[in-house]
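# Examination of the molecular architecture
Read off the chains here:
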Amino acid sequence: MPIFLCANKRRGFVVLIFQALSQSWKQGYSFSKLRADLVSGVTVGIVAIPLGMALSIAVGVPPQHGLYTVIVAGFLAALLGGSRFNITGPTAAFVVILLPITQKYGLSGLMMATMMSGVILLLMGVFRLGQLVTYVPYPVTTGFTAGIGFVIAFLQLKDLLGLHVLGSPIHFPEKVMAYSHAISTINYADALVGIITILTFIVWAKLKTRIPPHLVSLFVGTVLALALNHFSLEHVTLLGEKFSYTIGNIIGHGIPQEAPQFLPLWQASTFNWATMVELMPSALTIAILGCIESLLCAVVADGMTSTKHNPNAELVGQGIANMVVPFFGGIPATAAIARTATNIRSGAFSPVSGMIHAVFVLAAMIVLAPVLSYVPMSALAGLLIMVAWNMSEAPHFVHTLKVAPRRDVAVLMTCFILTVAFDMVVAVIVGLLLAGVLFIQRIASLTTVTVSDAKHPHLNFGDDVVVYDINGPLFFAASEKAFSVIEHATMETRAVVLDFSDVSTVDITAIHALELALDRLSTLPVYVLGVLPHVERKLEHAGVFELPNLHLVPSIAQLQQILAVNSDKASHQESTL
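Residues numbered from 1 in each chain as written. Predicted model: local features only at pLDDT ≥ 70, side-chain atom pairs only at ≥ 80, totals over all residues. Heavy atoms only, no water.

What follows covers the overall build of the protein chain. What the protein chain contains, in helices and strands, is 22 helices and 11 strands. Against the compact-globule benchmark of 25 Å for 577 residues, the protein chain has a radius of gyration of 32 Å, which places it well outside the compact range. The burial tally for the protein chain puts 51% of its 577 residues in the buried class. Here the contacts in the protein chain between residues at least 6 apart in sequence split such that 80% fall between residues at least 24 apart. Here the protein chain displays about 27,100 Å² of accessible surface, and carbon together with sulfur accounts for 66% of that area. Charged side chains in the protein chain number 29 positive and 31 negative. The centres of these two groups are separated by 14 Å. (Helix = DSSP H or I, 4+ residues; strand = E, 2+ residues; numbered from the N terminus. Rg over C-alpha atoms; globule rule 2.2 N^0.38 Å. Buried < 20%, exposed > 50% of the residue type's maximum accessible area, 1.4 Å probe, protein only. Contact = heavy atoms within 4.5 Å. Areas by Shrake-Rupley, 256 points an atom, 1.4 Å probe, with all protein chains shown as cover. Lys, Arg positive; Asp, Glu negative; His and termini not counted. Charge placed at Lys NZ, Arg CZ, Asp CG, Glu CD.)

As a further point, take helix α20 (residues 508-520). Between its terminal C-alpha atoms α20 stretches 19 Å, which fits the 18 Å expected from 13 residues at 1.5 Å a residue. Every buried residue of α20 is accounted for by Ala 510, Ile 511, Ala 513, Leu 514, Ala 517 and Leu 518. Projected down its long axis, α20 carries its buried residues within an arc of 165°, all on one side. Opposite the buried face of α20, by more than 90 degrees, sit the exposed residues Ile 508 and Asp 519. Residues of α20 that are buried make contact with α19 (479-483), β9 (495-502), β10 (526-529), α21 (533-541) and β11 (550-553). (Expected span 1.5 Å × (residues − 1). Arc of directions from axis to C-beta.)

Before going further, it helps to examine the packing of aromatic side chains. Evaluation of the coordinates by the stated rule reveals 10 aromatic pairs. Between Phe 475 and Phe 476, the ring centres sit 5.4 Å apart and the planes meet at 90°, which makes this aromatic pair edge-to-face. An aromatic cluster is defined as three or more aromatic residues linked by ring pairs; in this entry it consists of Phe 150, Phe 154, Phe 172, Tyr 179, Phe 397 and Phe 416. Taking the ring centre of Phe 349 as reference, the NZ or CZ of Arg 84 above it sits at 4.8 Å. (Phe/Tyr/Trp six-rings, centres within 6.5 Å; stacked < 30°, edge-to-face > 60°. Lys NZ or Arg CZ within 6 Å of the ring centre and 35° of its normal.)

As for its placement among the helices and strands, Asp 469 is situated in strand β8 (residues 465-471). Put simply, Asp 469 and Leu 529 are 60 residues apart on the chain and 9.7 Å apart in space, counted from C-alpha to C-alpha.

So, on to the pattern of salt bridges. This model, assessed by the stated rule, comprises 3 salt bridges. Note that Lys 242 and Asp 159 form a salt bridge whose closest N and O atoms lie 3.2 Å from each other. Of this pair, Lys 242 sits in helix α10 (residues 239-242) while Asp 159 is found in helix α6 (residues 157-161), placing the two residues 83 residues apart along the sequence. When its relative accessible area of 16% is taken as the criterion, Asp 159 is described as buried. (Salt bridge = Lys/Arg side-chain N within 4 Å of Asp/Glu carboxyl O.)

Turning our attention to the packing of helix α4 (residues 95-126) against helix α12 (residues 311-324). Orientation of α4 relative to α12, taken along the N-to-C sense of each, is 160°, at an axis distance of 7 Å. One element, α4, and the other, α12, form an angle in the roughly antiparallel class. Considering the relative orientation of α4 and α12, their crossing is left-handed. Side by side, α4 and α12 meet where Thr 114, Met 115, Ser 117, Gly 118, Val 119, Leu 121, Leu 122, Met 124, Gly 125 and Val 126 of the first sit next to Asn 312, Leu 315, Val 316, Gln 318, Gly 319, Ile 320, Asn 322 and Met 323 of the second. Across the contact of α4 with α12, the residue classes tally to 10 nonpolar, 8 polar and no charged. (Axes fitted to C-alpha atoms, helices over the stretch in contact; angles between N-to-C directions. Parallel < 35°, antiparallel > 145°, perpendicular 65-115°, else oblique. Left-handed = near helix turned anticlockwise from the far one by under 90°. Nonpolar A, V, L, I, M, F, W, Y, C, P; charged D, E, K, R; others polar.)

Moving on, we come to the UniProt feature "transmembrane region" (unreviewed entry) in the protein chain. Those places that UniProt annotates as "transmembrane region" (unreviewed entry) correspond, in this numbering, to residues 38-59, 105-124, 136-157, 177-203, 215-233, 279-301, 359-389 and 409-440. Strand forms 0% of residues 177-203 and helix 78%; the C-alpha atoms that close the span are 33 Å apart. Between the C-alpha atoms that bound residues 279-301 there is a distance of 32 Å. The span itself is 100% helix and 0% strand. (UniProt positions renumbered as here; feature names shortened; annotations may be inferred.)

Structurally, the position occupied by Asn 187 is in the loop between α7 (172-181) and α8 (188-207). Of the polar contacts made by the side chain of Asn 187, one reaches the backbone nitrogen of Ala 189; its length is 3.0 Å. Of the polar contacts made by the side chain of Asn 187, one reaches the backbone nitrogen of Asp 190; its length is 3.2 Å. If sequence neighbours within four positions are ignored, Asn 187 has contacts with Leu 161, Gly 162, Glu 234 and His 235. (Polar contact = N/O pair within 3.5 Å; in protein donor to acceptor, adjacent residues only side chain to side chain.)

With that settled, consider helix α9 (residues 213-230). Helix length check: α9 (18 residues) gives 26 Å between terminal C-alpha atoms against 26 Å at 1.5 Å per residue, within 8%. Along α9, the positions that sit buried rather than exposed are Pro 213, His 214, Val 216, Ser 217, Leu 218, Gly 221, Thr 222, Ala 225 and Leu 228. Its buried side turned inward, α9 meets α2 (31-58), α8 and α15 (377-392). Directly beyond the C-terminal end of α9, a positive phi value near 60° is found at Ser 232.

To continue, consider the pairing of β8. Counting buried positions along β8 gives 5 out of 7 residues, so the element sits mostly inside the fold. Pairing analysis gives 4 bridges linking strand β7 (residues 448-451) to β8, with the strands arranged antiparallel. Counted as the bridge partner of Val 451 is Tyr 468 from β8. Here β8 runs beside β9; their pairing, made up of 6 bridges, is parallel. (Pairing = 2+ DSSP bridges.)

So, on to the sheet that holds β8. One open sheet holds the 5 strands; their spatial order is β7-β8-β9-β10-β11, and the pairing between them is mixed. Strands with a single pairing partner mark the edges of an open sheet, and in this sheet they are β7 and β11. Strand-to-strand twist in this sheet, taken as the mean axis angle between neighbours without regard to direction, amounts to 20°.

Attention now moves to unusual backbone geometry. Of note in the backbone geometry, Phe 18 takes a positive phi value of approximately 65° without being a glycine. Mapped onto the elements of the fold, Phe 18 is located in the loop between β2 (13-17) and α1 (19-26). With phi around 55°, Lys 208 is a residue other than glycine that occupies positive phi space. Locating Lys 208 in the fold gives a position in the loop between α8 and α9. Since its relative accessible area comes to 72%, Lys 208 is described here as exposed.

In this section: the packing of α4 against helix α5 (residues 138-155). Packing of α4 against α5 brings their axes to within 9 Å, and their N-to-C directions diverge by 50°. The orientation of α4 with respect to α5, classified from their angle, is oblique. Together, Val 95, Val 96 and Leu 99 of α4 and Ile 148, Val 151, Ile 152 and Leu 155 of α5 make up the contact between the two elements. Residues that form the contact of α4 with α5 fall into these classes: 7 nonpolar, no polar and no charged.

Let us look at the state of the cysteines. Summed over the entire model, instances satisfying the criterion amount to 0 disulfides. No disulfide involves Cys 291; its nearest neighbouring cysteine sulfur is the one of Cys 297, lying 13 Å away. Judged by its relative accessible area of 5%, Cys 291 falls in the buried class. In this structure Cys 297 comes out as buried when scored by relative accessible area, which is 1%. (Disulfide = S-S within 2.5 Å.)

This is the structure in structure tokens:
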């Protein structure tokens, strides 16, 4: 049975944990389905090992922290989340956000930001904000995703080519200059291993076998590196040579042959209120990106399996996972689309496969840690370049540039350029603002106020009755321009009709503009025709109907009767005079 994390029906939110696991159990769980989950969990675990190490290195921390993230966050998110098939771990999208945090605050600062982002994700799920991801425009997500992919690929050039870069530049333009100055230090053995890894990945992926290209390409790159080092050619840098660890009195190289250990964050030197305030914008960015990526991944999984996830429960699961994982040395985690797709294609049935994938990585780490130290850094860099390429969807990006409307292309390119030149936070904020402004402009252009003519015979009440046909939503961007059409009536005009039957909504700006228009017509009776109920309530609440010359008429037939009676009265008065 689902367990309620928070339940308050009067306030309108009920958040569940174990939602996906409960859903799978209700459909009937058997030994055959357990076997399917076991196969898929092991398969995706094989993929997660090299990616966990590579992504951890990419954000500036030792590789074991990426594996800790897969083990702890991967298990908890699958156990507690709202998607049956999501596979959680470190992802490429986080690299451009996390690397500056690591460079400035170190590993402890990164783990603190992870915990804070988990709290934000949890609150987003509790307050049912899971549906908000559907309001992020497609050009914004495409733009910053392609930008992130480009930056990730560029950052791998250092390890791919074995460059000796001076300093640790943070901003992209500075990195370009630093890499260009270091191009003379290229290590051709590293470059050869990296390029062979990339080519192996491309070729193997086209074969579409059950063995993932991540594993094959990394194996080929490792064998080639060991061969080059054995024959005393130019040395290839290995993972065990670059990273070391200290656990108690034990000092080792590469990856520790130990399970994740509990690390009390409150003992870290960076754990203080001032640092938390400084990290809050970064934590919020991590949470927003984690929300978007996890829920988009769940949507993709739903499309592949004809199932339906619970977005708020998924955010709660991701939130708890990110709150807990830093206490075991982990970094931010979210659902990964490529690993989730691998999980589904391998026959997964339930979140049990995600939990098995985490347990498999733990077992592999304890057993194979010494072997993983021989993995070349350039091979991991080549692997990440392919991940970045698949993530950016470059062919689709170019196709979108060709076929999308110009305004959408402007939003897409703005997000892409800002992501590369600055960071994703600036790109998303500016992209959303630009998309919002363009959307308002489009909607405002749909609102019109025209004087009815022969094309509208049903609104023809005679030459002495002026009819203004109002179409579209009346809000701040459209109302002033729309109501400026209403001018002073001529001497022959005996009544004015405002046709509101096609007005879908009004705001206070529109109400104020309407009052100004009615003021210009204060000497004439004004009939408001066909007002929708919700629009009528807003106008009534604002006191518009209290004006003495304003009359509300529900239908054309009633208006014709009123105008006919008034016309007879006017004729009778003229004959009497």
